[in-house]
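These are the residues of each chain, in order.
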Amino acid sequence: MKKQLIWCSALITFLLISFTSYAQRNRSGHHLERPKLVVGIVVDQMRWDYLYRYYDRYGEGGFKRMLNEGFSANNTNIDYVPTVTAIGHSTVYTGSVPSIHGIAGNDFIIQATGQRMYCAEDSSVETVGSNTDAGKMSPRNLLTSTITDELKLATNFRSKVIGVAIKDRGSILPAGHAADAAYWFDGKTGDFITSTYYMNELPAWVSNFNKHKWVEKLMKEGWETLYPIDTYVQSSDDDNAYEGKFSGTEAPTFPINTAKLFQEQGPGMISSTPHGNTLSIEMAKAAIENERLGDHDVTDFLALSLSSTDYVGHRFGPNAIEVEDTYLRLDKSLEEFFNYLDKKVGAGEYTVFLTADHGGAHNVSFMQDNRLPAGAWQSGKILKDLNAALQEKFSAEKLVISLSNYQVHLNNPLINEQQMDVEAIKEEAIGFLKKQEGVSYVVDMEKAASAAIPTLIRERIVNGYNHKRSGSIQVILDPAWYGSGSERPTGTSHSAWNPYDSHIPLVFMGWGIEQGKTSRPTHMTDVAPTVAALLNIQTPNGTIGKPIIEALKK
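Conventions we followed
Residues numbered from 1 in each chain as written. Predicted model: local features only at pLDDT ≥ 70, side-chain atom pairs only at ≥ 80, totals over all residues. Heavy atoms only, no water. Pairing = 2+ DSSP bridges. Helix = DSSP H or I, 4+ residues; strand = E, 2+ residues; numbered from the N terminus. Contact = heavy atoms within 4.5 Å. Axes fitted to C-alpha atoms, helices over the stretch in contact; angles between N-to-C directions. Buried < 20%, exposed > 50% of the residue type's maximum accessible area, 1.4 Å probe, protein only. Right-handed = clockwise from strand over helix to strand, strands pointing away. Core = buried A, V, L, I, M, F, W, Y, C linked by side-chain atoms within 4.5 Å. Parallel < 35°, antiparallel > 145°, perpendicular 65-115°, else oblique. Left-handed = near helix turned anticlockwise from the far one by under 90°. Nonpolar A, V, L, I, M, F, W, Y, C, P; charged D, E, K, R; others polar. Salt bridge = Lys/Arg side-chain N within 4 Å of Asp/Glu carboxyl O. Phe/Tyr/Trp six-rings, centres within 6.5 Å; stacked < 30°, edge-to-face > 60°.

Trainee: Would you mind showing me how to read the sheet that holds strand β2 (residues 71–73) here?
Mentor: Strand pairing in a sheet relies on backbone hydrogen bonds. The paired strands run either parallel or antiparallel. If you trace the ten strands from one edge of the open sheet to the other, you get β6-β9-β8-β7-β10-β1-β11-β19-β2-β20, paired in mixed fashion. Because the sheet does not close on itself, it has two edges, and the strands there are β6 (127–128) and β20 (516–518). Its contacts with the sheet put helix α6 (residues 147–154) on β7 (161–164) and β10 (300–306), and the angle it makes with β10 is roughly 170°. Across the sheet, helix α8 (residues 204–211) is in contact with β8 (181–186) and β9 (191–195); its angle to β9 comes to roughly 150°.

Now the structure itself:
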């Protein structure tokens, strides 16, 4: 009997050891490891060189933390023209280009009808969270899946996906078709809203967030420089002719009375200040907290776009103290956000990537005054003159309805109705535009693949051309030229193939990411495939990019 007890005890011990060993092997070898949460951050209008232009002034926990702990692809460029917000956000998350994903601009023209379409416009849905029309939006104009959609598919829709941004397009397009929610800012009410595409009423936590009156509180803080103004040596003097001023103010100078701007012009003014980025990050944290992102059995995804950098950049231009101060403040906000993620989700348990939808040109007047070639292309006048020339030749008015996105959008309904020779009209338009000052190339979209222009530009035109939504002719301006109604515009613009618009930051950090960097050519279309490889899921269904293998731990 005693021997039997000893034998049974030994057998039980052996079975316990074997079971424990099996469980450990099962966890390490048979369970698919993934991060708890992926956070995608798109900084609107962030030029690549901002990572290093202000590097010495950044703290250790924001941009520098990403660069020092993570992986930076320092030669990442946009794959198409025009380089604008809606296309950029769509391309980052689809790994595709306008030719395929269909978002051909912030606004584009349906070529068959001549109808102008906003990228996220959807008249079949209603606003949720306010009584305005700001919520009549959805991702339905996006023709492909996103990396967020593919995560949903890979986990049988158990993953949670939420988009947050001030701009509707910065939230909706990244979150994708299958998102649990996308929230954006209604500038008339000062609240975050959504649409009936996602839900019929706001969750209680969003309503409570709105009740805190974040906009009013933040705008009461004013906007003064974070550091003594004479230390902003990377920027032009505060009072200069290159910056646009806020309506109702005498000059574009510090301090800026944001409380007065809020009182006189409404809550939408927060978008044009660094407080807009603060608001977006607070909303992102509220989403993580209340939706328990990163606290499920599968990976969750937060798509966060920081829109205020674009509004500030457009108004003041890249060499303004306002822009430098905005990035120094954003650096501090990112540090606080990463520290929050460390505590809430767990250090090393989440993956974050940071990139931009496009960059921005130096101000035309700033360039000229510093003896650098640049110019303003007055598209309104050129459109009028082009139509006059075409009318004289073909005896028809307004044969071109728009030059938006630096493309010639023909009046196709009229041309078809009158059975006009479209090839002859295009040839005449191309000849006219080639003679205009500031024009490098004018390309017939259908013949772009064989155009006698540099390969890089040719490929970007082809990638950006969607035959249902893009114009018939692409205009490429000389370097440092951009469209304006003035010969000496203030602030800046973007849309071109040139490095100031197309060279963007791309930094990964956290779970599954190697520390390091590469200067080999990489592309905006590589972001989604890299995230797909990290998560071991399928790439979006229109992807043309490739994973950046060096960024991933082996």
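The structure having been displayed, the exposition proceeds.
Trainee: Honestly, the pairing of β8 in this entry has me stumped. Any pointers?
Mentor: In regular strands, side chains alternate between the two faces of the sheet. Burial analysis of β8 places six of its six residues in the buried class, the great majority of the element. In this structure, β7 lies alongside β8, joined through three bridges in parallel fashion. If you follow Ile-162 over to β8, its bridge partner there is Ala-181. Of the crossover connections in this fold, the one passing from β7 over helix α7 (residues 168–175) to the parallel β8 is right-handed. Inspection of the sheet shows β8 paired to β9 by three bridges, in the antiparallel sense. If you follow Phe-185 over to β9, its bridge partner there is Phe-192. Counting the residues between successive antiparallel strands, the hairpin from β8 to β9 contains four residues, one of them, Gly-190, with a positive phi of roughly 80°.

Trainee: Help me out: how do you make sense of the nonpolar core in this one?
Mentor: Soluble globular proteins tend to pack their nonpolar side chains together in the buried interior. Ranked by size, the top nonpolar core spans 117 residues in total, and within it Ile-41, Tyr-183, Phe-301, Tyr-327, Phe-337, Phe-338 and Leu-341 carry the most contacts. Ranked by residue count, the leading element in this core is helix α13 (residues 321–346), at eleven residues. Ignoring anything within four residues of it in the chain, the contact list for Phe-301 reads Leu-37, Val-38, Gly-40, Tyr-93, Ile-147, Thr-148, Leu-151, Lys-160, Val-161, Ile-162, Phe-353 and Val-531. Counting residues in hydrophobic clusters, the runner-up holds 36 residues, among them Ala-361, Leu-386, Phe-394 and Tyr-406.

Trainee: Explain the packing of helix α15 (residues 379–394) against helix α17 (residues 422–434) here, please?
Mentor: Helix-helix packing: each pair is described by the crossing angle between the helix axes and the interaxial distance. At their nearest, the axes of α15 and α17 sit 10 Å apart, and the two run at 135° to each other. Taken together, the axis directions place α15 and α17 in an arrangement best described as oblique. The handedness of the crossing between α15 and α17 is right-handed. Within the contact between the two elements, α15 uses Ile-382, Asp-385, Leu-386, Ala-389, Leu-390, Lys-393 and Phe-394 and α17 uses Ala-424, Ile-425, Glu-428, Ala-429, Phe-432 and Leu-433. Residue composition of the contact of α15 with α17, by class: ten nonpolar, no polar and three charged.

Trainee: It is not clear to me how the sheet that holds strand β21 (residues 522–523) should be interpreted in this structure. Could you clarify?
Mentor: Within the open sheet, the three strands sit side by side as β18-β3-β21. Their pairing is mixed. Since the sheet does not close on itself, it has two edges, and those belong to β18 (503–504) and β21, each with one partner. Where strand β3 (residues 76–77) meets β18, two bridges bridge the pair, whose relative direction is antiparallel. Bridge pairing in β18 places Thr-76 opposite Ile-504.

Trainee: Please clarify how the pattern of salt bridges should be interpreted in this entry.
Mentor: Opposite charge on two side chains makes pairing possible when the charged atoms of those side chains draw close. The tally for this structure, following the rule as stated, stands at 25 salt bridges. Across the pair Lys-160 and Glu-291 runs a salt bridge whose closest N-O atoms are separated by 2.7 Å. Residue Lys-160 is located in the loop between α6 and β7, and its partner Glu-291 is located in helix α11 (residues 275–291); the two are separated by 131 residues in the primary sequence. Residue classification places Lys-160 among the partly exposed residues on the basis of a relative accessible area of 23%. Each of Glu-423, Lys-426, Asp-444, Glu-446 and Lys-447 takes part in salt bridges that share partners, so that together they form one network.

Trainee: I tried to follow the packing of aromatic side chains on my own but got confused; where do I start?
Mentor: Given two aromatic rings, one states the distance between the centres and the angle between the planes to describe the pair. Within this structure, the stated rule accounts for 21 aromatic pairs. Ring centres of Tyr-197 and Tyr-198 lie 4.9 Å apart, and the angle between their planes is 80°; this geometry places the pair in the edge-to-face category. The class of Tyr-197 is partly exposed, set by a relative accessible area of 22%. According to the relative accessible area criterion, Tyr-198 is buried, its value standing at 13%. Judged by centre distance (6.2 Å) and plane angle (50°), the rings of Phe-353 and Phe-508 are tilted. Of this pair, Phe-353 sits in strand β11 (residues 350–355) while Phe-508 is found in strand β19 (residues 506–510), placing the two residues 155 residues apart along the sequence.

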